[in-house]
There are 2 protein chains.
Amino acid sequence: METRIDRIKKQLHAASYKLTPQREATVRILLDHEEDHLSAEDVYLLVKDIAPEIGLATVYRTLELLTELKIVDKINFGDGVSRYDLRQEGAAHFHHHLVCLECGAVDEIQEDLLEDVEAIVEKRWNFQIKDHRLTFHGICWRCNDLGAEKPENDA
Amino acid sequence: METRIDRIKKQLHAASYKLTPQREATVRILLDHEEDHLSAEDVYLLVKDIAPEIGLATVYRTLELLTELKIVDKINFGDGVSRYDLRQEGAAHFHHHLVCLECGAVDEIQEDLLEDVEAIVEKRWNFQIKDHRLTFHGICWRCNDLGAEKPENDA
DNA sequence: TACTATTTAATAATGATTCTAAATAATAAA
DNA sequence: TTTATTATTTAGAATCATTATTAAATAGTA
C-alpha cells in the first residue's frame, strides 16, 4: 500500500506536480476506499478526519488533477453527483460497472470483455478508441435470487 | 414523422398522461434534432421558438416524464450537463456513443454489439441486465485521417 | 355548471461545482 | 541569505444545472 502512494507521487512529479500533504491525504482516502464510489463530498468528509484543515475546493481540484493524470476516473451514474474511482494500476482502460436498480449497489467488473467490440468499432466506424465507459443497469445477485451467493467475479 | 408523434401520444395516454401543447412542442423539437444530443437548456431555447410561453421547468418536467416512459434517454458525457436522446423506436436497449476527444463530436452506434458480453455478464456475475450505457472516447473519423470519408455505420 | 385532477408558469430554493482573492509555501535567482 | 517568482491552499462567494413550491390555468367529467 505504501509503494502505491510512492508510485502516484512519481506520476505527479513526472507531470511536474507535487504530492502536497492535502493531496496525499486525499489519495490515502481513495486507497482506503477502493471498493466504494465516493463523491467529492464523500471524499471531503473522510479527508477531514485525517487532515481537518483541508477545504472542499482543494478536494475538487485534487480529484480533477488525478483524473487528468488517469490515476482516478470520474464517473456519473445519473444521480447528479460525480464519483471518483481509483484506476487499477496498469489498466489501460476503465473498468465496467453494474448498477443495481433495486438496491443501488455498484459492483465492478475488472475484465475488459470489450476487445471484440472495440475491434469492430475501430474498423467499421474508423474511430480510434482511447477509453470507454460501460455500465449495466439491472438487478444484482443480491436482489436477484435471495440466498444466492456472491458470484466469483474473478473468473 | 407525424405518425411518430401519434405513437408517442398513445404511449403517454397508456400511462395516463396527456400530450399537452407544451409537451407536443418539446417532442417536436426532439424529433427535429434526432441527430443532436441536446441539453435541457438547448431544448428550452429551441422550444421557445415554437411555443414562446413555455417555461424551463416545464421542459425539465417533460424530459423527465419522457425519460420515465423510455421515450428518451438521459445521458451524461462528463460535462456537467444531462443530455436527452430520443430512443430508436422499438429499441430495447440504449444505443452507444462515440465521443471525439478532438472535436467533441458525438456519433451514434445503433447496433447492439453487446449480446455476447451481456450473456457473459448475466451468467458470470448473476446480474439481470435491464439496460446499458456504452460510450467510447477517442478520435473520430473526421479528425483521424483528414480527407477520410464517413464510414458506413449502417452496416 | 360544478367538481376534481392535471398541468403549467414563475420563481424560489437547493446542491454540486467552480471561481476569486488573500494567504502561504515552495523554488529559483541574485 | 535575501528577494522575486510561481504554485498551492483556504474560505467563502458566485455560478450553474436542476428541483421544489405555489398559485393559476386547463382539461375531463359528473
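Here we summarise the structure given alongside this text. Just so we're clear, the structure is a prediction, and the values are computed from it rather than from any experiment.

**Notes on the sheet that holds strand β6 (residues 128–139) of chain B**
So, point 1. Pairing within the open sheet is mixed, and its six strands lie in the order β5(A)-β4(A)-β6(A)-β6(B)-β4(B)-β5(B). Two strands bound the open sheet, and with one partner strand each, they are β5 (106–109) of chain A together with β5 (106–109) of chain B. Strand-to-strand twist of the sheet, defined as the mean angle between neighbouring strand axes without regard to direction, takes the value 20°.
So, point 2. Here helix α5 (residues 115–124) of chain A sits on the sheet in contact with β6 (128–139) of chain A together with β4 (96–100), β5 and β6 of chain B, set at roughly 130° to β6(A).
So, point 3. Packed onto the sheet, helix α5 (residues 115–124) of chain B meets β4 (96–100), β5 and β6 of chain A together with β6 of chain B and runs at close to 130° relative to β6(B).

**Quick word on the relation of the copies chain B and chain A**
So, point 1. Overlaying chain B with chain A gives an RMSD of 0.1 Å, the required rotation being 179° about an axis along which the chain moves by 0.0 Å. The transformation relating the two chain copies, once decomposed into turn and shift, fits a two-fold axis. Minimal C-alpha distance to the rotation axis in chain B is attained by B:L134, lying at 2.2 Å.
So, point 2. Comparing contact sets, 98% of the residues at the interface of chain B also lie at the interface in chain A, consistent with an isologous, same-surface contact.

**Notes on the protein's contact with DNA strand C**
So, point 1. For DNA strand C, the set of nearby residues contains 16 residues, the closest of which are A:Y60, B:T20, B:Q22, B:R23 and B:T58.
So, point 2. When atoms of DNA strand C within 4 Å of the protein are split into backbone and base, the sugar-phosphate part holds 75%.
So, point 3. Side-chain polar atom of B:T20 to a phosphate oxygen of DNA strand C: 2.4 Å apart, as the coordinates give it.
So, point 4. Between DNA strand C and B:E53, the relevant distance is 3.1 Å, taken from a phosphate oxygen to a main-chain nitrogen or oxygen of the residue.

Cut-offs used in this document
Residues numbered from 1 in each chain as written. Chains lettered and ligands numbered in written order. Predicted model: local features only at pLDDT ≥ 70, side-chain atom pairs only at ≥ 80, totals over all residues. Heavy atoms only, no water. Pairing = 2+ DSSP bridges. Helix = DSSP H or I, 4+ residues; strand = E, 2+ residues; numbered from the N terminus. Axes fitted to C-alpha atoms, helices over the stretch in contact; angles between N-to-C directions. Contact = heavy atoms within 4.5 Å. Least-squares fit on C-alpha atoms with pLDDT ≥ 70 in both. Near = heavy atom within 4 Å. Polar contact = N/O pair within 3.5 Å; in protein donor to acceptor, adjacent residues only side chain to side chain.

Nothing here speaks to function; it is geometry throughout.
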